[in-house]
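Each chain is listed here by its residues.
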Amino acid sequence: MKTKTPPTRVELVAEYDALPIDSRLNEDHVAAKRVCSTALLRRERVYGSPIPFIREGGKIKTDKNGVTRLFGGRVYYLKRDVEAYLESKNRTVSSTSAFSAAGGAE
């Protein structure tokens, strides 16, 4: 019995690019497009994600200290939100001195 190999980063980015702007994306597609790990996306969601996300399902649990949290469920990102985030991070400079003057290199 053959096991299915997970798609490569290149395949995920190609799928991402082919999707319409209002598509829902899983964290694998977003991580591939941002060139980061899914663990980073999960960490960002815990500490305040720069990209808005949608959580469906899950269970609300209250711990012994009275703190209520949502656990589990599926997480989606909208492609338009990911594109807006990537556009805000895209800076074009004409020379390295312009990059240094803008505070890019420290």
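Just above sits the structure.
Quantities reported herein were computed from a predicted structural model and do not represent experimental measurements. (Residues numbered from 1 in each chain as written. Predicted model: local features only at pLDDT ≥ 70, side-chain atom pairs only at ≥ 80, totals over all residues. Heavy atoms only, no water.)

### Here we look at unusual backbone geometry
Filter applied, for reference: Runs of H or I in DSSP of at least four residues are treated as helices and runs of E of at least two as strands, each being numbered from the N terminus. Partly exposed describes any residue whose relative accessible area lies between the buried limit of under 20% and the exposed limit of over 50%, with all areas from a 1.4 Å probe on protein chains only and scaled to the type maximum.
You will see that Val35, though not glycine, has its phi angle at about 55°, which is positive. Mapped onto the secondary structure, Val35 falls in the loop between helix H2 (27-34) and helix H3 (38-47). Its relative accessible area of 62% is what places Val35 among the exposed residues.

### Observations regarding the nonpolar core
Rules: Side-chain atoms within 4.5 Å are what join buried Ala, Val, Leu, Ile, Met, Phe, Trp, Tyr and Cys residues into a set we call a nonpolar core. In what follows, residue pairs with any heavy atoms lying within 4.5 Å of each other are defined as contacts.
Formed by Tyr16, Leu25, Val30, Ala31, Cys36, Leu41, Ile51, Val75, Tyr77, Val82 and Tyr85, the largest nonpolar core amounts to 11 residues. Residue assignment for this core shows that the elements contributing at least two residues are H2, strand S5 (74-78) and helix H4 (79-89). Ignoring sequence-local partners within four residues, the contact set of Leu41 consists of Glu27, Val30, Ala31, Arg34, Cys36 and Tyr77.

### Observations concerning the pairing of strand S4 (residues 68-71)
Definition in use: The pairing criterion is simple: DSSP has to find at least two bridges between the two strands.
When strand S3 (residues 59-62) meets S4, the two strands line up antiparallel, connected through four bridges. Note that in S4 the partner of Thr62 across the bridge is Thr68. Connecting S3 to the next strand, S4, in antiparallel fashion are five residues, including Gly66 with a positive phi near 85°.

### Some remarks on H2
In terms of burial, H2 is a largely internal element, six of the eight residues being buried. Within the span of H2, buried status applies to Glu27, His29, Val30, Ala31, Ala32 and Arg34. Looking at the packing, one finds that the buried side of H2 touches helix H1 (9-18), strand S1 (24-25), H3, S5 and H4. Of the residues flanking the end of H2, it is Val35, one or two places downstream, whose phi is positive at about 55°.

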